Amino acid sequence: MEEVPPFFICPISLHIMKDPVTVSTGVTYDRESIHRWISLYGHSTCPVTQQPLIDRTLTPNSTLLRLIQSWRAENPSTTELLATQTPAFDVSAVIEELKEEANTRPPVARFKSLPKIKALIGEDDAIRYELEQAGAVSMISSLVLQTQLNHDSRETIEYAIHVLCILKPSTEALKKHWNYRAKIESTHLLKLVFKAVDEVHKSDLPSDLFDGLAEILKDQNTNRATTMAVLSILLEVLPCGRKNRVRVVEAGTVAVLVELLAEGENNDRKRCEAMLVVLDCLCSRAEGRLALVSHPAGIAAVAGKLLKVSNAANDRATKVLLMVCRFCGVVEEMLVVGAVTRLCMLVQVGSNGKAKERAKEMLERICE
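Predicted model, so just to flag it, every value in this text is computed and none were measured.

A.B. asks: Mind showing me how you'd approach the packing of helix H15 (residues 269-282) against helix H18 (residues 311-328) here?
C.D. replies: Helix-helix packing is characterised by the crossing angle of the two axes and by the distance between the axes. Two numbers describe how H15 lies on H18: the axes approach to 9 Å, and their chain directions differ by 25°. In terms of orientation, H15 lies roughly parallel with respect to H18. Remark: the crossing between H15 and H18 carries left-handed chirality. Of H18, the residues touching H15 (which contributes Glu273, Leu276, Val277, Leu279 and Asp280) are Ala312, Ala313, Arg316, Ala317, Lys319, Val320 and Met323. Looking at side-chain class alone, the contact of H15 with H18 contains eight nonpolar, no polar and four charged residues.

Below is the structure:
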């Protein structure tokens with residue numbers, strides 16, 4: 001059998017190229033494969049050289065195309081044999097299997113198709129793309145949520161999440177059914193994902209994710225469980241790199257949290273504590289502090305939780321107020337919104353040592 005010239009093979013799909021194009025780094029790929037790499041999966045580097053693709057123009061390699069066409073014409077039997085060696089993959093059969101598993105009882109018996117999906121995907125972007133387009137991401141996500149709600153095997157859930165990570169769903173796939181119910185389900189799924197994956201998968205997350213989380217927090221129809229899921233996601237990813245904190249601030253999350261804290265009836269202890277912890281993380285950066293003091297109710301909303309919620313809330317609120325007091329010069333505003341009165345009460349009635357010490361430092365600054 002005539003050996004296929006190696007430069008006829010696409011480095012991504014490992015198949016003979018049908019429409020060879022060259023990228024700015026000088027490497028040639030099949031157009032469909034490199035288009036998926038750049039547009040569908042959001043990569044910005046050359047797969048072979050790992051150099052940045054500053055210019056994303058795909059230049060047709062006409063000379064190579066003519067060579068491939070000539071070689072195919074001279075070796076028709078070889079081309080046919082190569083085609084028969086490509087493993088058949090029936091996407092519809094896998095999707096049907098997933099549908100059947102949705103009704104499987106007991107729930108722990110679900111996900112039998114996942115090892116097959118994982119084995120077939122490998123590094124083949126074409127199969128991954130076919131599964132995504134057929135709705136596999138949505139179906140596996142729904143199975144994970146159903147299994148989680150039934151408090152079933154954690155190992156089963158973690159394996160399903162692992163397969164979802166391998167599928168690498170694109171932004172387009174995640175937005176395909178982006179109605180209210182899908183937003184809620186996706187939020188609870190992301191909470192599970194970020195608890196299961198390691199730090200490398202939590203860093204440098206896309207802005208779209210944080211924009212969506214801010215929208216869910218802002219939505220008045222969002223229930224407490226979903227709000228707590230969003231806050232849990234933020235608490236998982238905020239410690240993982242400066243870029244995450246910057247993008248959370250850019251999504252308008254600080255303003256949303258301020259408005260939620262400012263709600264008069266909102267003294268739900270766990271919810272308040274979680275929001276103050278998120279604000280504490282964000283205010284460790286200049287961008288977060290600026291967003292807080294720029295909001296007309298920013299200082300008042302945080303100060304208003306002092307002595308109203310819990311010692312943990314006092315601790316986080318004083319940390320936030322002290323950071324903006326040190327860096328942003330908000331003494332006058334603290335006097336106007338009554339924060340000074342609450343700080344004096346905090347010192348007098350006693351609290352945990354750190355909160356009291358912070359309150360004393362702020363009072364000293366105000367009296368200078």
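Back to the text.
A.B. asks: How should I be thinking about the environment of Ser232 in this particular structure?
C.D. replies: By secondary structure assignment, the location of Ser232 is in helix H12 (residues 224-237). According to the relative accessible area criterion, Ser232 is buried, its value standing at 13%. Separated by 42 residues in sequence, Ser232 and Leu190 place their C-alpha atoms 9.6 Å apart. Beyond its immediate sequence surroundings of up to four residues, Ser232 is in contact with Lys191 and Lys195.

A.B. asks: What's the story with the packing of aromatic side chains in this structure? I'm lost.
C.D. replies: Two aromatic rings are characterised by how far apart their centres lie and by the angle between their planes. This model, assessed by the stated rule, comprises two aromatic pairs. Between Phe7 and Phe8, the aromatic rings sit 4.9 Å apart at their centres with planes inclined by 85°, giving edge-to-face as the arrangement. Geometrically, the ring pair formed by Phe8 and Trp71 is edge-to-face, given 5.9 Å between the ring centres and 80° between the ring planes. Of this pair, Phe8 sits in the segment before strand E1 (20-22) while Trp71 sits in helix H2 (residues 62-74); the two residues are 63 residues apart in sequence, bridging distant segments of the chain.

A.B. asks: What's the story with helix H11 (residues 207-218) in this structure? I'm lost.
C.D. replies: Residue pairs three or four apart in sequence face the same way in an α-helix, which turns once every 3.6 residues. The first and last C-alpha atoms of H11 sit 17 Å apart over twelve residues, in line with the 16 Å expected at 1.5 Å per residue. Looking only at H11, the buried set comprises Leu209, Phe210, Gly212, Leu213, Ala214, Ile216 and Leu217.

A.B. asks: Explanation requested: the side chain of Glu273 in the structure shown.
C.D. replies: Examined against the element boundaries, Glu273 turns out to sit in helix H15. A distance of 2.5 Å separates polar atoms of two side chains, one belonging to Glu273 and the other to Ser310.

A.B. asks: What should I look at first to understand helix H20 (residues 339-349) in this one?
C.D. replies: Buried residues of H20: Ala339, Val340, Leu343 and Leu346, and no others. All buried residues of H20 fall inside an arc of 120° around its axis, so they share one side. Residues of H20 that are exposed and point over 90 degrees away from its buried face: Thr341, Gln348 and Val349. Close packing links the buried residues of H20 with helix H17 (298-303), H18, helix H19 (331-336) and helix H21 (353-367).

A.B. asks: I keep staring at the sheet that holds E1 and nothing clicks. Help me out?
C.D. replies: Neighbouring strands of a sheet are bound in pairs by backbone hydrogen bonds; such pairs are parallel or else antiparallel. Overall, antiparallel pairing links the three strands, which are arranged E2-E1-E3 in an open sheet. Of all strands in the sheet, those with a lone pairing partner are strand E2 (28-30) and strand E3 (59-60), marking the two edges. Both E1 and E2 contribute to a ladder of three bridges, which runs antiparallel. Pairing of Thr22 across the sheet is with Thr28, part of E2.

A.B. asks: Quick question: what am I supposed to make of the nonpolar core here?
C.D. replies: Nonpolar side chains tend to gather and get buried jointly when the protein is soluble and globular. Ranked by size, the top nonpolar core spans 72 residues in total, and within it Ile140, Phe210, Leu234, Leu292, Val302 and Met334 carry the most contacts. Examining the composition of this core, we find that eight residues originate from one element, H18, more than from any other. Not counting chain neighbours up to four residues away, the residues in contact with Ile140 comprise Leu98, Leu114, Ile117, Ala160, Val163, Leu164 and Leu167. If you look at the next biggest cluster of nonpolar residues, it comprises 19 residues, including Val27, Cys46, Leu53 and Leu58.

A.B. asks: Before we go on, may I ask you to explain unusual backbone geometry in this structure?
C.D. replies: With the exception of glycine, most residues fall at negative phi, and the peptide bonds are largely trans. The phi angle at Gln50 is positive, at roughly 65°, despite the residue not being glycine. You will see that Leu307, though not glycine, has its phi angle at about 65°, which is positive. With respect to the secondary-structure elements, Leu307 resides in the loop between H17 and H18.

What counts, and where the lines are drawn
Along each chain, the written sequence defines residue order, and numbers are assigned to residues from 1. pLDDT decides what is reported in this predicted model: residues at 70 or higher carry local features, side-chain atom pairs at 80 or more are listed and counted, and totals for whole chains, interfaces and linings draw on all residues regardless. Neither water nor hydrogens contribute to the side-chain values; these are computed over all heavy atoms in the structure. Helix axes are fitted to C-alpha atoms over the stretch in contact, other axes to C-alpha atoms as well, and angles between N-to-C directions run from 0 to 180 degrees. Where helices and strands are cited, they refer to DSSP runs of H or I of at least four residues and of E of at least two residues respectively, numbered from the N terminus. The cut-offs work like this: below 35 degrees is roughly parallel, past 145 is roughly antiparallel, 65 to 115 is roughly perpendicular, and the gaps in between are oblique. Each crossing gets its hand from how the near helix is turned against the far one by less than a right angle, where anticlockwise is left-handed and clockwise is right-handed. The contact criterion used is simple: two residues touch if any of their non-hydrogen atoms lie within 4.5 Å. Charged residues are taken to be Asp, Glu, Lys and Arg, nonpolar residues to be Ala, Val, Leu, Ile, Met, Phe, Trp, Tyr, Cys and Pro, and polar residues to be all remaining types, Gly included. When a residue's accessible area, from a 1.4 Å probe over protein chains only, is under 20% of the maximum for its type it is buried; when over 50% it is exposed; and in between it is partly exposed. Geometry of aromatic contacts follows a simple scheme: Phe, Tyr and Trp rings, the Trp one being its six-membered ring, pair when their centres are within 6.5 Å, and the pair is stacked under 30 degrees between planes, edge-to-face over 60, tilted otherwise. Expected helix span is given by 1.5 Å per residue-to-residue step, counting one fewer step than there are residues. Any N or O atom pair separated by 3.5 Å or less is treated as a polar contact, with the protein-specific requirement of one donor-capable and one acceptor-capable atom, and with residues adjacent in sequence counted only for side-chain atom pairs. Picture the helix axis, draw a direction to every C-beta atom, and the arc is the one those directions span. If DSSP finds at least two bridges between two strands, the strands pair. Here the nonpolar core consists of buried residues drawn from Ala, Val, Leu, Ile, Met, Phe, Trp, Tyr and Cys, with membership extended through side-chain atoms lying within 4.5 Å.

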